[in-house]
Amino acid sequence: AGYNEKIRITSAKRSIEDQIDAMMGNLFEGNKWHPDAKTWINETYADRGVRNLVSENYDNNPTISRADFRVILGDYVRPNISRISSHPAGNAIDIATKNRTYANILVLKKGLDAAVSKGLIRSYKWEYIDGSGFTKNKEKRKTALFLAEAPMEHIHITFEKLKGQ
């Protein structure tokens, strides 16, 4: 059985400001911290600085507004973007997985594993599902097409840098 659903790319190259906004969309619900903000940042980003920035503000500044934290996050992300995201360099895409069957996503992941082993892509991650912090989401997702707890779920694919980048 192969993958039998259309693949929809929801994001590719984006500006640094768009990257900051994308991050904020995962960190805040309206004007309050998303309950999974710390888990998401720690499962998604390798950069220790951005992980610490979010974790410290989440723990020590629980009432900070979305607008105020966007300023703080932006001040860190702008000079460190190459360590934080491959989207601004055009080396990443996001694929929608919401409302896709679990079986089809496993087939897609098998293809992505093959692409990694052949050096066609650097890495991928099913955000909000893969990772030790999201084991409950993963179990629920096996039988559900959509999780209210993970409305932003998607597969993030990072490509190898092109020559000259």
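Everything in this summary refers to the structure shown in the same document. (Residues numbered from 1 in each chain as written. Predicted model: local features only at pLDDT ≥ 70, side-chain atom pairs only at ≥ 80, totals over all residues. Heavy atoms only, no water.)

Counting 36 residues, the largest nonpolar core has Met23, Leu27, Phe69 and Leu73 as its most contacted members. Contributions of two or more residues to this core are made by α1 (16-27), α2 (37-44), α3 (48-60), α4 (66-84), β4 (92-96), α5 (102-117) and β6 (154-158). The element that contributes the greatest number of residues to this core is α4, accounting for 6 residues. (Core = buried A, V, L, I, M, F, W, Y, C linked by side-chain atoms within 4.5 Å. Buried < 20%, exposed > 50% of the residue type's maximum accessible area, 1.4 Å probe, protein only. Helix = DSSP H or I, 4+ residues; strand = E, 2+ residues; numbered from the N terminus.)

Within β6, 5 of the 5 residues are buried, which leaves it mostly tucked inside the rest of the structure. Burial along β6 is two-sided: His154, His156 and Thr158 facing one way and Ile155 and Ile157 facing the other are all buried. Bridge count for β4 against β6 is 5 bridges, and the pairing is antiparallel. Bridge pairing links isoleucine 93 to isoleucine 157 in β6. (Pairing = 2+ DSSP bridges.)

This paragraph deals with the sheet that holds β6. Strand order in this open sheet of 4 strands is β1-β4-β6-β5, and the pairing throughout is antiparallel. Of all the strands in the sheet, just β1 (9-11) and β5 (123-127) have a single pairing partner and so form its edges. The mean inter-strand angle of the sheet, taken between neighbouring strand axes irrespective of direction, is 30 degrees. (Axes fitted to C-alpha atoms, helices over the stretch in contact; angles between N-to-C directions.)

Here the focus is α4. In this model, α4 (19 residues) spans only 20 Å end to end at C-alpha, well below the 27 Å of a helix rising 1.5 Å per residue. Along α4, the sharpest kink reaches roughly 65 degrees, centred on arginine 78 and followed within four residues by the proline proline 79. Looking only at α4, the buried set comprises Phe69, Leu73, Gly74, Tyr76, Val77, Asn80, Ile81 and Ile84. Looking at the buried positions of α4, the neighbouring elements they touch are α1, β2 (28-29), β3 (32-33) and α3. (Expected span 1.5 Å × (residues − 1). Bend = angle between axes of the 7 residues up to and from the residue. Contact = heavy atoms within 4.5 Å.)

This next bit is on the pattern of salt bridges. Under the criterion given, the structure shown has 13 salt bridges. In this structure, arginine 70 and glutamate 17 form a salt bridge, with 3.0 Å as the shortest nitrogen-oxygen distance. Note that arginine 70 is positioned in helix α4 and glutamate 17 in helix α1, a separation of 53 residues in sequence. The class of arginine 70 is partly exposed, set by a relative accessible area of 21%. When its relative accessible area of 32% is taken as the criterion, glutamate 17 is described as partly exposed. The shortest N-O distance in the salt bridge between aspartate 47 and arginine 83 comes to 2.9 Å. Note that aspartate 47 is positioned in the loop between α2 and α3 and arginine 83 in helix α4, a separation of 36 residues in sequence. (Salt bridge = Lys/Arg side-chain N within 4 Å of Asp/Glu carboxyl O.)

We now examine the packing of aromatic side chains. Inspection of the entire model under this criterion finds 7 aromatic pairs. For the pair tyrosine 128 and phenylalanine 134, a centre-to-centre distance of 5.5 Å together with 50 degrees between the ring planes defines the contact as tilted. For the residue pair tyrosine 128 and phenylalanine 134, the accessibility class agrees, reading buried in each case. Ring pairing ties together the aromatic residues Phe28, Trp33, Tyr58 and Phe69, which thus form one cluster. (Phe/Tyr/Trp six-rings, centres within 6.5 Å; stacked < 30°, edge-to-face > 60°.)

We now examine α5. Across its 16 residues, α5 extends 22 Å between first and last C-alpha, which sits within 8% of the 22 Å expected from 1.5 Å per residue. For α5, the full list of buried residues reads Tyr102, Asn104, Ile105, Leu108, Lys109, Leu112 and Ala115. On an axial view of α5, the arc spanned by its buried residues comes to 150 degrees, and they lie on one face. Away from its buried face by more than 90 degrees, α5 exposes Ala103, Lys110 and Ser117. For α5, the secondary structure elements touched by its buried residues are β4, β5, α6 (135-141) and β6. With its phi angle positive at about 80 degrees, glycine 119 sits one or two positions after the end of α5. (Arc of directions from axis to C-beta.)

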